[in-house]
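# Structural characterization, general
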Amino acid sequence: MMQHDHPQDVQDPRQLAKWAARYARSRTIPFLVQWSFIVLLVLVLGGLAQGALYAWRTRQPGLLWVLVAVIFALTVALLWFSIARWGRERIWRISEWYYRKEGYAAFGGGDKAAELRRMRWLTALGVGLMLYHLAGAVLVGTGYLPLQYFQPFSAVYMAPFLAALILVQRLGWWAWIWPGLYVVHAVLVLGGVWRPFPQNWFFMDIVAPMFGYGLISMLVGHIYSRYALKRLKRLARAGLDEGGGGDEGGSGGDHGPRAGAE
Amino acid sequence: MKDLDRTIHEPARLRILMILSGVDVADFSFLLETLGLTKGNLSSHMDKLEKAGYVEVIKSFQGKVPHTDFRLTDEGRAALKAYWAEIDAIRKLR
């Protein structure tokens, strides 16, 4: 028997639980897939809204109604994808394809009924988030809210929403980068430090911080998950015979006298 | 001093239980890849842990492909806690 065969002789195996949790809490590919889909839809919606504005200004009611109908349909599609089981399954399948070599490990959950209740609350808050921003857009459109303050207006709802999301889903430390940067951005805007995008790119003042900081956060999470997995593997394999790991198919391998009373 | 739990006091099984104690659920591929065991060896360890009531096996299908997830049971969590208490007590005696 190798001297380090005993668990107490190798690095503390209790570290395995810590690194397994860190890894599972940092698997960000599902979020990146969802993020990509939502960003794509938002950019398409932004383009269509620009088109609708153009149609309204040039008095083309036919084009205007078609664009409004498409915007409505895409908004419903966006909501449905965010909420429906079909959307979750698509995200899960793409993620599993990426993670196929390393397998699946998840953190959180446990009490499924409680998790479902929490997810319903989050969905309701997500719908509230969309309505809040729609209201903000109306305030900007009617001149009650200066365009440059739309992001700080957004941060009032967005930051607590993201915090709730992180706490409920028990995500890793990386997730806090998103609301953190979003709040800092809002403070910089309010302080007059942040320089807005040029006039034709005004929508980027809200789109870039909202989704850009999310992307940064998820990429950091993904990189951290690679590191955590590496640490986890190193710890898990330390002191184990390659491929064997003990008593294959048999009853041996329990450490005999060492397992008994001392 | 009580005997150490022989089901847990085996390097590969201890590692499996510790990994499962850190996550909610993990599948066969994840444990296989992380621990670097053979499929037969991992299956053998999982059978023992399941028989001991320490691990819950969740079988499902992803399309037509069978999929096996593992979850640490409350009993497994308690046994692991007791095991580490014993190990710590032994270490103090040294």
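This one's a predicted model, so the numbers in the text were calculated from it and none came from an experiment.

## A word on the overall build of chain A
Counting its regular elements, chain A contains eight helices and one strand. The N-to-C order of helical and strand elements in chain A reads α-α-α-α-β-α-α-α-α. Here chain A, with 262 residues, has 21% of them falling under the buried criterion. Sequence-distant contacts in chain A: of pairs separated by 6 or more residues, those separated by 24 or more amount to 76%.

## A short note on the overall build of chain B
A tally of helices and strands in chain B yields four helices and three strands. Each helix and strand of chain B, ordered N terminal to C terminal, gives the series α-β-α-α-β-β-α. Each of the three principal axes of chain B carries a C-alpha extent, and together these read 55 × 25 × 20 Å. Burial analysis of chain B (94 residues in total) assigns 41% to the buried set. Across chain B, the fraction of contacts at a sequence separation of at least 24, relative to all contacts at a separation of at least 6, is 52%.

## Observations regarding the pairing of strand E3 (residues 65-72) of chain B
Residue and element names in this part refer to chain B. Bridge count for strand E1 (residues 25-27) against E3 is two bridges, and the pairing is antiparallel. If you follow Asp 27 over to E3, its bridge partner there is Asp 69. Judged from the eight bridges that link them, strand E2 (residues 55-62) and E3 form a sheet pairing that is antiparallel. Opposite Gln 62, over in E3, you have Val 65 as the bridge partner. A loop of two residues connects E2 with E3, the two strands running antiparallel in sequence, and Gly 63 in this loop sits at a positive phi of about 70°.

## Let's talk about the domain arrangement of chain A
Accessible area lost upon the coming together of the parts serves often as the stated size of an interface. Residue and element names in this part refer to chain A. Split into domains, chain A comes out as domain 1 (28-104) and domain 2 (109-238). Look at where the C-alpha atoms of domain 1 and domain 2 centre, and you get two points 17 Å apart. With eleven residues of domain 1 at the contact, the number on the domain 2 side is twelve residues. Those elements that place two or more of their residues in the side of domain 1 that touches domain 2 are helix H2 (29-57) and helix H3 (61-83). If you tally residues by element for the side of domain 1 that touches domain 2, the top one is H2, at seven residues.

## Observations regarding the confidence of the model for chain B
Here chain B shows a mean pLDDT of 91. Residues at 70 or above account for 98%. If you check the scores for this complex, the pTM reads 0.80 and the ipTM reads 0.92.

## Details of the sheet that holds E1(B)
The strands making up a sheet are joined through hydrogen bonds of the backbone, oriented either antiparallel or parallel. Sheet architecture is open: four strands sit in the order E1(A)-E1(B)-E3(B)-E2(B), paired in antiparallel fashion. One side of each edge strand has no neighbouring strand; the edge strands of this open sheet are strand E1 (105-106) of chain A together with E2 of chain B.

## Side note on the environment of A:Phe72
Residues and elements named next belong to chain A. Tracing the backbone through its elements, the reader meets Phe 72 in helix H3. Taking the number of C-beta atoms within 10 Å as the measure of exposure, Phe 72 has 10 and is therefore exposed. Along the backbone, Phe 72 and Leu 45 are 27 residues apart, and their C-alpha atoms lie at a distance of 9.2 Å.

## Topic: unusual backbone geometry
All names here are of chain A. Here Arg 59, not a glycine, exhibits a phi torsion of approximately 55°, which is positive. Relative to the assigned elements, Arg 59 resides in the loop between H2 and H3. In this model, Arg 170 sits at a positive phi of 50°, which is unusual for a non-glycine residue. With respect to the helices, strands and loops of the structure, Arg 170 is situated in the loop between helix H6 (150-169) and helix H7 (177-190). Residue class for Arg 170 comes out partly exposed when judged on the 15 C-beta atoms lying within 10 Å of it.

## A look at the packing of H7(A) against helix H8 (residues 204-237) of chain A
All names here are of chain A. The N-to-C vectors of H7 and H8 enclose an angle of 145°; their axes lie 8 Å apart at closest approach. Seen from above, H7 lies across H8 with right-handed handedness. Of H8, the residues touching H7 (which contributes Ile 177, Trp 178, Leu 181, Tyr 182 and His 185) are Pro 209, Tyr 213, Gly 214, Ile 216, Ser 217 and Val 220. Among the residues making up the contact of H7 with H8, the classes are represented as eight nonpolar, three polar and no charged.

## Quick word on the nonpolar core
Within the largest apolar cluster, 38 residues are counted, with the highest numbers of intra-cluster contacts made by A:Ala20, A:Leu232, B:Leu17, B:Ile19, B:Leu20, B:Val23 and B:Ala26. Elements with a minimum of two residues in this core: helix H1 (14-24) and H8 of chain A together with helix H1 (11-22), E1, helix H2 (28-35), helix H3 (39-51), E3 and helix H4 (74-93) of chain B. Sorting elements by how many residues they give to this core places H1(B) first, with seven residues. Not counting the four nearest positions on each side in its chain, B:Val23 is found in contact with A:Ala20, A:Ala21, A:Ala24, A:Ala105, A:Ala106 and A:Phe107. A:Phe153, A:Leu162, A:Met210 and A:Tyr213 belong to the second-largest nonpolar core, a separate cluster that totals 15 residues.

What counts and how
What you see as residue numbers is a count from 1 along each chain, following the sequence as written. Here the convention is simple: chains get letters from A, ligands get numbers from 1, in the order in which they are written. Given that the model is predicted, a residue must reach a pLDDT of at least 70 before its local features are reported, and side-chain atom pairs must reach 80 or more before they are shown or counted; all residues, however, enter totals for whole chains, interfaces and linings. Segments assigned H or I by DSSP are reported as helices when at least four residues long, segments assigned E as strands when at least two residues long, and all are numbered from the N terminus. Exposure criterion: with C-beta atoms placed from backbone coordinates, a residue whose C-beta has 20 or more other C-beta atoms within 10 Å is buried, one with 12 or fewer is exposed, and one in between is partly exposed. This entry defines residue contacts through backbone-placed C-beta atoms, with two residues in contact when those atoms are within 7 Å. Note on pairing: DSSP must find at least two bridges between two strands before they are called paired. An automatic or database domain assignment supplies the start and end points of every domain. Per residue, pLDDT captures the predictor's confidence, and it can take any value from 0 to 100. Axis definition: a line fitted to C-alpha atoms, over the contacting stretch in the case of helices. Angles run 0 to 180 degrees between N-to-C directions. The hand of a helix crossing depends on one turn: near helix anticlockwise from the far one by less than a right angle means left-handed, and clockwise means right-handed. For this classification, Asp, Glu, Lys and Arg are treated as charged, while Ala, Val, Leu, Ile, Met, Phe, Trp, Tyr, Cys and Pro are nonpolar and the rest, including Gly, are polar. Here, a nonpolar core means buried Ala, Val, Leu, Ile, Met, Phe, Trp, Tyr and Cys residues linked by C-beta atoms lying within 7 Å of one another.

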